[in-house]
Amino acid sequence: MRIIGTGSAHPSLVVTNKMLENFLDTSDEWIVSRTGIEQRRLISSESLEDLAVESALKAMENAGVVPDDIDFLIVSNVCNDYVTPSLSCVIQGELGIKCPCFDINCACSGFIYALDIAESFLATKDLRNILIVCAEQPGRMVDWKDRAQCVLFGDGAGSVVVTKGDDMKAIRLNTVSKVDPLWQKRAMQPTPFLRKEEHDGPLVMNGQDVFKLAVSSSIDDIEKVLSKANISAEDIDLFVLHQANIRIIDAIRHFSKQDKSKFPVNINKYGNTSSATIPILLDELNREGKLKNGDLLLMSAFGAGFTTGACILRWSK
Ligand code: ACO
């Protein structure tokens, strides 16, 4: 598998920490020092579909392909306005793509899971190019009265186009069923027969549990992909990590004993956009000319489930 194009899209509204001080008992100083986040983009008038489509069109343009060149569409998404059909079906028409598509919900690890599926599909099916779109609106999941979680998230979309190639050096996915640290339930329609209470509410998160799980599982995944690919941390050019909290990134960096310059971050601008963080960061690096042919990228993510995934990919766009 080979990545041949990247794209991203953000809501127009920039919400700074100072703006949050207007209705939350918080401060710019607390949020920056505990999370690294200075501002986030939040959906106000646009829809998540708009962002998904914009990022996908940019990725196709960057790859030099047209809708007819796409043979499969995979969308990573936790929640959107539709229960059914899937977000991939909704945007497929707007993109003018004519191919099978489906959504995956692997929370913030979705991009790595989608890459693994794409790699297998390209190896076993007669496909030319696959479009992967990660489109997320965690800003619509959290309780905006809960200062411990709403400050963390932002909305956005990141996409890549992949084709056949030899750039995936190793990949590892892992899932350990742990619901308590991070979950959200929404009530379904009532029936005349229902005899149980149902929960409908915002995201519930135990921040410290998530923090510890995130650091330990990412370190484990990174060790395992490095060993699987027989590559040392010194050989990795960039660690493109899920942007959830700068202190989680710092802890992983500390363990890897690698220089700070190898860990690009944009969490200060966008907050945690769930599975979209890595493709958004990848798109920024690509467009800023910070990725050189032959660079080895290590990507690692974690999310509700508890799902984790890491991979080592050579950049050869
Ligand atoms: N502003 C000011 N004070 C705050 C805020 C805030 N926004 N949020 C919490 N506090 C307060 C708490 O109320 C608490 O006050 P108290 O001591 O009077 O009770 C104090 O700060 C310390 O709270 P902690 O929860 O101990 O703070 P911590 O240092 O653990 O940081 C945080 C909290 C930022 C949520 C951290 O635990 C974290 O980042 N965890 C990981 C979260 C995460 O990554 N979630 C998503 C992962 S999966 C995915 O990406 C979807």
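Residues numbered from 1 in each chain as written. Predicted model: local features only at pLDDT ≥ 70, side-chain atom pairs only at ≥ 80, totals over all residues. Heavy atoms only, no water.

The subject of this paragraph is the sheet that holds strand 8 (residues 168-178). Taken together, four strands build an open sheet; the order of strands is 8-13-12-11 and the sheet is mixed. Unpaired on one side and paired on the other, strand 8 and strand 11 (238-241) mark the two borders of the sheet. With direction set aside, neighbouring strand axes in the sheet form an average angle of 10°. Where strand 11 lies against strand 12 (residues 296-303), four bridges are found, and the strand directions are parallel. (Pairing = 2+ DSSP bridges. Helix = DSSP H or I, 4+ residues; strand = E, 2+ residues; numbered from the N terminus. Axes fitted to C-alpha atoms, helices over the stretch in contact; angles between N-to-C directions.)

Right, let's get into the domain arrangement of the chain. Each domain of the chain was delimited in the assignment, giving domain 1 (2-166) and domain 2 (169-314). Here the C-alpha centroids of domain 1 and domain 2 sit 14 Å apart. At the interface, 48 residues of domain 1 touch 45 residues of domain 2. Taking both sides of the interface into account, the surface hidden between domain 1 and domain 2 amounts to around 3,700 Å²; carbon and sulfur atoms contribute 59%. The three residues of domain 1 that bury the most area against domain 2 are Cys-108, Ile-112 and Tyr-113, which together make up 18% of that side's buried surface. Seen at the junction of domain 1 and domain 2, the total is one salt bridge. The salt bridge involving Asp-166 is made with Lys-169; its shortest N-O contact spans 4.0 Å. Seen at the junction of domain 1 and domain 2, the total is 28 residue pairs in polar contact (both at pLDDT 80 or more). Mapped onto the side of domain 1 that touches domain 2, the elements with two or more residues apiece are strand 1 (2-9), helix 2 (28-35), strand 3 (39-42), helix 3 (48-63), helix 5 (110-124), strand 6 (129-136), helix 6 (147-150) and strand 7 (156-163). Among the elements that make up the side of domain 1 that touches domain 2, the one with the highest residue count is helix 5 (six residues). The residue makeup of the side of domain 1 that touches domain 2, split by class, is 20 nonpolar, 18 polar and ten charged. (Domains from an automatic or database assignment. Contact = heavy atoms within 4.5 Å. Buried area = accessible area lost by both parts, 1.4 Å probe. Salt bridge = Lys/Arg side-chain N within 4 Å of Asp/Glu carboxyl O. Polar contact = N/O pair within 3.5 Å; in protein donor to acceptor, adjacent residues only side chain to side chain. Nonpolar A, V, L, I, M, F, W, Y, C, P; charged D, E, K, R; others polar.)

So, on to the nonpolar core. Ranked by size, the top nonpolar core spans 43 residues in total, and within it Leu-226, Ile-236, Leu-298 and Ile-312 carry the most contacts. Where this core is concerned, the elements lending two or more residues are helix 7 (207-229), strand 11, helix 8 (246-256), strand 12 and strand 13 (305-314). Per-element accounting of this core gives the leading share, nine residues, to helix 7. Not counting residues within four places of it along the chain, the set of residues in contact with Ile-236 comprises Leu-226, Ile-231, Lys-262, Leu-296, Leu-298 and Ile-312. In terms of nonpolar packing, the next biggest core, distinct from the first, is built from 38 residues, Ala-114, Ala-118, Met-299 and Trp-315 among them. (Core = buried A, V, L, I, M, F, W, Y, C linked by side-chain atoms within 4.5 Å. Buried < 20%, exposed > 50% of the residue type's maximum accessible area, 1.4 Å probe, protein only.)

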